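Next come the chains, spelled out residue by residue.
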Amino acid sequence: SFASTVDSLTITPRALSVESIYGSVSFAGNIGSSFPLGNLVINSKGTISLDNVSTITTQGGEVTFNGSVDITSSDLTVSTNAASSLGANIYFMKDVNSFTTQALSVNSGAAEVFFYGALGSKASMGPLDFTAAGGISLFGNLMTRGFPIDLTGPIVLEGNVLFDTTGGGGVP
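1. Remarks on the nonpolar core
Turning to step 1, where the next piece is worked out: By size, the foremost hydrophobic cluster in this structure holds 37 residues, and its most contacted members are Phe27, Leu104 and Phe130.
Turning to step 2, where the next piece is worked out: Once you skip the residues sitting within four places of it in the chain, Phe27 turns out to touch Phe2, Val6, Leu16, Val18, Ile42, Ser49, Leu50, Asp51 and Val53.

Written as structure tokens, this is what we have:
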């Protein structure tokens, strides 16, 4: 568990890799918000809980969430293009859920974003805003509670995908 913010020590981006083979991983503060990380890899057999995390930032380094992600308490922005870098790929390897309709904004700059699981399968998401000049690959459904889904960049449907904004909200 990380009970506070996580940043690089200086303006030189540093990598962070977290491995949990038996349980969950939780963060309770922003990641790379003061000094962006080089890259971020979180591997968890359990859930990756992002509680009070509003920003995850790297400076041209990839971000990989290898575990189900639960977003609680804050809207979340994940960006890999800090300090005018071209960006890097962002990978969500399993489902992503928010339990009080948090928004999810993802920006990979010139790179790609991959969603291998569904978004909002257990608890619907708030607004979704994804920007990736290299492409947005979707393998699962995107479900919001009446909130819009905004996708900027080439969209690649890797399987049958349902865009569900029941109760209002626009789709791409």
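2. Examining the side chain of Asn97
Turning to step 1, where the next piece is worked out: Tracing the backbone through its elements, the reader meets Asn97 in strand β8 (residues 96-98).
Turning to step 2, where the next piece is worked out: Classification of Asn97 as buried rests on a relative accessible area of 1%.
Turning to step 3, where the next piece is worked out: Only 3.1 Å separates the side chain of Asn97 from the backbone nitrogen of Ser121, close enough to count as a polar contact.
Turning to step 4, where the next piece is worked out: Ignoring anything within four residues of it in the chain, the contact list for Asn97 reads Val69, Asp70, Ile71, Gly120, Ser121, Lys122, Ala123 and Met125.

3. Description of a nonpolar patch on the surface
Turning to step 1, where the next piece is worked out: Together, Met93, Tyr116 and Phe139 give the surface a local cluster of nonpolar side chains, amounting to about 230 Å² of exposed area.
Turning to step 2, where the next piece is worked out: Its place among the elements puts Met93 in the loop between β7 (90-92) and β8.

4. Comments concerning unusual backbone geometry
Turning to step 1, where the next piece is worked out: Phi at Asn52 is positive, roughly 65°, even though this residue is not glycine.
Turning to step 2, where the next piece is worked out: Position of Asn52 relative to the elements: it lies in the loop between β3 (40-51) and β4 (55-57).
Turning to step 3, where the next piece is worked out: Phi is positive for Thr101, which is not a glycine, with a value near 50°.
Turning to step 4, where the next piece is worked out: The topology assignment puts Thr101 in the loop between β8 and β9 (104-107).

5. Focus on the sheet that holds strand β6 (residues 76-79)
Turning to step 1, where the next piece is worked out: What the five strands build is an open sheet, ordered β4-β6-β9-β11-β14; its pairing is parallel. Each having just a single partner strand, β4 and β14 (149-152) make up the two edges of the open sheet. For this sheet, the mean inter-axis angle between neighbouring strands, taken without regard to orientation, is 5°.
Turning to step 2, where the next piece is worked out: Bridge analysis of β9 against strand β11 (residues 128-131) gives four bridges, and the strand direction is parallel. Its bridge partner lying in β11, Asn107 is registered against Thr131.

Rules of the game
- Residues numbered from 1 in each chain as written.
- Predicted model: local features only at pLDDT ≥ 70, side-chain atom pairs only at ≥ 80, totals over all residues.
- Heavy atoms only, no water.
- Core = buried A, V, L, I, M, F, W, Y, C linked by side-chain atoms within 4.5 Å.
- Buried < 20%, exposed > 50% of the residue type's maximum accessible area, 1.4 Å probe, protein only.
- Contact = heavy atoms within 4.5 Å.
- Helix = DSSP H or I, 4+ residues; strand = E, 2+ residues; numbered from the N terminus.
- Polar contact = N/O pair within 3.5 Å; in protein donor to acceptor, adjacent residues only side chain to side chain.
- Patch = residues over 30% accessible without salt bridge, like charges linked within 9 Å, V, L, I, M, F, W, Y side chains within 5 Å.
- Areas by Shrake-Rupley, 256 points an atom, 1.4 Å probe, with all protein chains shown as cover.
- Salt bridge = Lys/Arg side-chain N within 4 Å of Asp/Glu carboxyl O.
- Pairing = 2+ DSSP bridges.
- Axes fitted to C-alpha atoms, helices over the stretch in contact; angles between N-to-C directions.

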